[in-house]
Amino acid sequence: MDAQPTKLRIEPLLWLLFSAGGGVAAFFIPIHLFILGIAAPLGLTKATDYASATAFLAFPIVRFYLFVLCSLPLFHAAHRIRYTLYDGLQIKHLNEVIAACCYGGAVLGTVIAGYLLWSFQ
Amino acid sequence: MKSSVATPPYTLNHPRWYRKRVSTYWWLLRWEYLRFVLREISSVFVAWFVVLTIVQIYAVSRGPDAYAEFQDFLKNPFVLALNVISFFFVVFHSITWFNLSARAMAIRIGGKRVPGFLISGPNFAAWLVISALIAWLLLRE
Amino acid sequence: MADTIKLEISRYSPETDAAPHFQSFEVPFRRDWVVLDALNYIKDKQDGSLTYRWSCRMGICGSCGMLVNGEPKLTCATFLADYAPASIRVEPLRNFPIVRDLVIAMNDFMRKFQKMKPWLIRKEEKPVSEGEYLQTPEQLDAYKQFSMCINCMLCYAACPVYGLDPLFAGPAAIALAQRYNLDSRDQGAKDRFPVLSQHDAIWGCTFVGECTRVCPKHVDPAGAIQQYKLTAALDWVKSVVMPWGGK
C-alpha cells in the first residue's frame, strides 16, 4: 500500500487556483472581451477613452479587481493547458518542464499585472 | 510496472494479451472527446484576454499616445478576428463551467441533494446580471 | 425490414493472431433481441469458439460490457433494433488488454478497487450483542447513488485519462471510495485519504465526464471525483490555516 507520509501537497492549491480562476473567467471575461475586443473596435459601442481609463484606474478597488481578473484566470489557464499538453500529446516524460512553464507563466503574468497596477500613478 | 514490458510469446500458462496503444489523435476520434478538448483549449483564449488586458493597462500607464496606439491595434482585422474567435471560446467556457460546477457540488438540503439546475440556474442568472452591470459601468456617458 | 442483421465482431486468438481483426456474422433480426442474444446465437449455431463474458442478462452482474459501435455498453441492455438495419460493430472494452475475442483482462481494475479499502472501517467494532449499526434514510441517501456500481468497467473504457495513464485509479474505484467515505457507519475516510489524494487518483482526473455519461447505473463517478477534490482542497486549506489542528 502507498504509505506515503501526509505532507503538504501542491495539487490542492493548484486546483483551488484553477477553480477560482475558472469561476472568475466564466463570470467576468465574456462581457469584457466583447466590449474591448469586438464592440468598441467595430464602433458598436464607444471605446473607453484615455481620460475615463485613467479615471477608472485611479480607484484602488478597480485596480484590485483588474489584478484578480488577470491573475486567477492565468492560473486557471495554466492548469488546463498543462493537462491538455500532458494528455493530448502524450508527453508525460516532459511533465515537470510543462508544469514549470505553465505555472511559471501564470506567476510571471501575475507579477507583471501586480507591478503595473501597483505602480500606476 | 510490469505492464510496460513487451508482451512475451504465448505459452500455455502465460497468456499473450493484446495491448493497444492510445492514438495520439484520440481526441479527434469521438465527438465527446473533441468537445472536451475544445473546452480545455478555451483556456488559451482566457489567457489571451489576460495578455490583452495587461497590455491595455501598460498602454494607459504610458500615456495617451500609447493608449491610442493600443486602440488602433485592436482595430487590426487579424486581432479583431482573433477576438471574435476568443469570444466564442470564453462563452463556451462560461456555459460548460456553470453546468459542470453544478455536478461538482453536492449540496444537500433536508437530506436531499439539490438538483443541478437549481445550482447552475442562479449561476447563469448571476452571469447575466454581472455582464449587464459591467457593460453599464463601462459604457455610461 | 430485413429479417437478418450483420454483426462485425472483433476476434483475437492469442495462439495465432498478432492483432485483433473483424469477422462478420449474419444473425436473425428480432425486435426483442439485444446484442448479447445475437452473440449467444452465434456461439450456439455458427461459431462455438467465440469468446465473451456474460451472466445475468439483466444489467446486474456487470460482466457483458463491450464496445458497441465504439460506445461502451452493457450488451444485455443494447437492443439490435436501435441499430438496424445498419450492421453493428462489437469490440472488447477499450483501455484494457485483450485476452481473447471480446474478453479483457481486469486484473488492474481489481487491484485498484482493493487499494481503496472498499469496506466499512471502524475504529472499534462494537460487539454483536449491541446490535447493528443503525442508519436513517437520509444517511443512506448520502451515499446510495455511489453504491449502485456493478463493476462493469464501462467507465474505464470511456475514460481517456485511464487510457493514457494506466496508473490512474479510475472512475469506479474513486466513486467506490466515496461510497464508503460518505457512509455514516464508516470511520475510514482518513485511511483512504492518502490513496485518494495521489496525483494518480483524484488529481489525475480532468473531468471529461464520459464515465458518468456511459454509466448504466447512473452512479456519476465524475461527480464523485470532483466532490472529493473539493473535500481534499478544503482539508488542505484547513491544514494550512490551522497546522496545529489534529489530523
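Model, not experiment: these values are computed from the prediction.

Asks: I keep staring at the overall build of chain B and nothing clicks. Help me out?
Replies: The secondary structure content of chain B amounts to 5 helices and 2 strands. From first element to last, N terminus to C terminus, chain B shows the α and β order α-α-α-α-β-β-α. Buried positions account for 39% of the 141 residues belonging to chain B. Counting only contacts in chain B whose residues sit at least 6 apart along the sequence, the fraction spanning at least 24 positions is 40%. When the accessible surface of chain B is summed, it comes to about 8,500 Å², and 69% of that surface belongs to carbon and sulfur atoms.

Asks: What am I meant to see in the overall build of chain A here?
Replies: Looking only at helices and strands, chain A has 4 helices and 0 strands in total. Secondary structure elements in chain A, listed N-terminal to C-terminal, are α-α-α-α. Its C-alpha atoms give chain A principal-axis dimensions of roughly 65 × 30 × 25 Å. Total accessible area on chain A is roughly 5,900 Å²; 75% of this is exposed by carbon and sulfur atoms. Chain A carries 7 positive and 5 negative side-chain charges, and their two centres are separated by 6 Å.

Asks: Mind showing me how you'd approach unusual backbone geometry here?
Replies: Leaving glycine aside, a negative phi is the common case for residues, and trans is the common case for peptide bonds. All names here are of chain C. Of note, the bond from alanine 84 into proline 85 is cis; its omega dihedral lies within 30 degrees of zero at 0 degrees. Of note, proline 85 is situated in the loop between strand E4 (71-74) and strand E5 (88-91). Residue aspartate 101 is not a glycine yet carries a positive backbone phi of 40 degrees. Here aspartate 101 is to be found in the loop between strand E6 (98-100) and strand E7 (103-104). In this model, methionine 153 sits at a positive phi of 70 degrees, which is unusual for a non-glycine residue. Tracing the backbone shows methionine 153 in the loop between helix H3 (137-144) and helix H4 (154-158).

Asks: How should the interface of chain A and chain B be read in this particular structure?
Replies: Many structure descriptions define interface size as the accessible area lost when the parts assemble. Counting residues at the interface gives 50 residues for chain A, matched by 53 residues for chain B. Of the roughly 4,600 Å² buried at the junction of chain A and chain B (both faces included), carbon and sulfur atoms supply 77%. Run the count over chain A and chain B and you get 1 salt bridge. Among the salt bridges present, the one from B:Glu40 reaches A:Arg80, with a minimum N-O distance of 3.4 Å. Applying the counting rule to chain A against chain B returns 9 residue pairs in polar contact (both at pLDDT 80 or more). Looking at the side of chain A that touches chain B, the elements with two or more residues in it are helix H1 (11-39), helix H2 (50-58), helix H3 (60-88) and helix H4 (95-118) of chain A. The leading source of residues in the side of chain A that touches chain B is H1(A), at 18 residues. For the side of chain A that touches chain B, the per-class residue count stands at 33 nonpolar, 13 polar and 4 charged.

Asks: How do you make sense of the nonpolar core when you look at a structure like this?
Replies: Generally speaking, nonpolar side chains in soluble globular proteins are found buried as a group. Counting residues in each nonpolar core, the largest one holds 128 residues, and the members touching the most others are C:Leu7, C:Ile9, C:Leu39, C:Leu80 and C:Tyr156. When residues in this core are grouped by element, the largest group, 13 residues, is from H1(A). Both domains that meet at this core, namely domain 1 (4-104) and domain 2 (107-241) of chain C, each give it at least three residues. Each residue touching C:Tyr156, except ones within four places of it in the same chain, is listed here: C:Arg94, C:Asn95, C:Phe96, C:Phe109, C:Phe113, C:Tyr162, C:Ala169, C:Gly170, C:Pro171, C:Ala172 and C:Ala173. Residues B:Tyr33, B:Phe36, B:Val37 and C:Val208 belong to the second largest nonpolar core, which totals 6 residues.

Asks: I'm lost on the confidence of the model for chain B in this one. Help?
Replies: Keep in mind that low pLDDT regions are not for reading the predicted coordinates in detail. Across chain B, the average pLDDT comes to 88, with 89% of residues at 70 or higher. Of the regions scoring below 50 in pLDDT, residues 1-5 of chain B engages in 2 contacts with residues more than four places distant in sequence or in other chains.

Asks: So what exactly am I meant to see when it comes to the pairing of strand E3 (residues 65-68) of chain C here?
Replies: A regular strand places its side chains on the two faces of the sheet in alternate fashion. Residues and elements named next belong to chain C. Here E3 shows a buried face lined by Gly65 and Leu67 and a second buried face lined by Met66 and Val68. As paired elements, E3 and E4 share 4 bridges and run antiparallel to each other. Looking across to E4, one finds that glycine 65 is bridged to leucine 74. As consecutive antiparallel partners, E3 and E4 are separated by 2 residues, and within that stretch asparagine 69 has a phi angle of approximately 50 degrees, a positive value. Bridge count for E3 against E5 is 2 bridges, and the pairing is antiparallel. Bridging across to E5, leucine 67 finds its partner in glutamate 91.

Asks: What exactly am I supposed to notice about the sheet that holds E4(C) here?
Replies: Strand pairing within a sheet occurs via backbone hydrogen bonds; the two strands may be parallel or antiparallel. Residue and element names in this part refer to chain C. Taken in spatial order, the 5 strands make up an open sheet running E2-E1-E5-E3-E4, and their pairing is mixed. In this open sheet, the two edge strands, each paired with only one partner strand, are strand E2 (21-28) and E4. For this sheet the average axis-to-axis angle between neighbouring strands, irrespective of direction, equals 35 degrees. As paired strands, strand E1 (residues 4-11) and E2 are joined by 8 bridges and run antiparallel to one another. Looking across to E2, one finds that serine 10 is bridged to phenylalanine 22. Across the sheet, helix H1 (residues 35-46) is in contact with E1, E2, E3 and E5; its angle to E2 comes to roughly 95 degrees.

Asks: Help me understand the packing of helix H4 (residues 77-104) of chain B against helix H5 (residues 116-139) of chain B in this model?
Replies: Packed helices, taken two at a time, are described by the angle their axes make and the gap between the axes. Residues and elements named next belong to chain B. The geometry of H4 relative to H5 is characterised by a closest axis approach of 7 Å and an angle of 145 degrees between their N-to-C directions. When you trace H4 past H5, the crossing you get is right-handed. Residue-level contacts link Val91, Ser94, Ile95, Phe98, Asn99, Ser101 and Ala102 of H4 to Gly116, Ile119, Ser120, Asn123, Phe124 and Trp127 of H5. Residues of the contact of H4 with H5, tallied by class, amount to 7 nonpolar, 6 polar and no charged.

Asks: What am I meant to see in a nonpolar patch on the surface here?
Replies: Nonpolar side chains collect at one region of the surface, where C:Val237, C:Val240, C:Val241, C:Met242 and C:Trp244 lie side by side and expose about 500 Å² of accessible area between them. Tracing the backbone shows C:Val240 in helix H9 (residues 221-241).

What counts and what doesn't
Residues numbered from 1 in each chain as written. Chains lettered and ligands numbered in written order. Predicted model: local features only at pLDDT ≥ 70, side-chain atom pairs only at ≥ 80, totals over all residues. Heavy atoms only, no water. Helix = DSSP H or I, 4+ residues; strand = E, 2+ residues; numbered from the N terminus. Buried < 20%, exposed > 50% of the residue type's maximum accessible area, 1.4 Å probe, protein only. Contact = heavy atoms within 4.5 Å. Areas by Shrake-Rupley, 256 points an atom, 1.4 Å probe, with all protein chains shown as cover. Lys, Arg positive; Asp, Glu negative; His and termini not counted. Charge placed at Lys NZ, Arg CZ, Asp CG, Glu CD. Buried area = accessible area lost by both parts, 1.4 Å probe. Salt bridge = Lys/Arg side-chain N within 4 Å of Asp/Glu carboxyl O. Polar contact = N/O pair within 3.5 Å; in protein donor to acceptor, adjacent residues only side chain to side chain. Nonpolar A, V, L, I, M, F, W, Y, C, P; charged D, E, K, R; others polar. Core = buried A, V, L, I, M, F, W, Y, C linked by side-chain atoms within 4.5 Å. Domains from an automatic or database assignment. pLDDT = per-residue confidence, 0-100. Pairing = 2+ DSSP bridges. Axes fitted to C-alpha atoms, helices over the stretch in contact; angles between N-to-C directions. Left-handed = near helix turned anticlockwise from the far one by under 90°. Patch = residues over 30% accessible without salt bridge, like charges linked within 9 Å, V, L, I, M, F, W, Y side chains within 5 Å.

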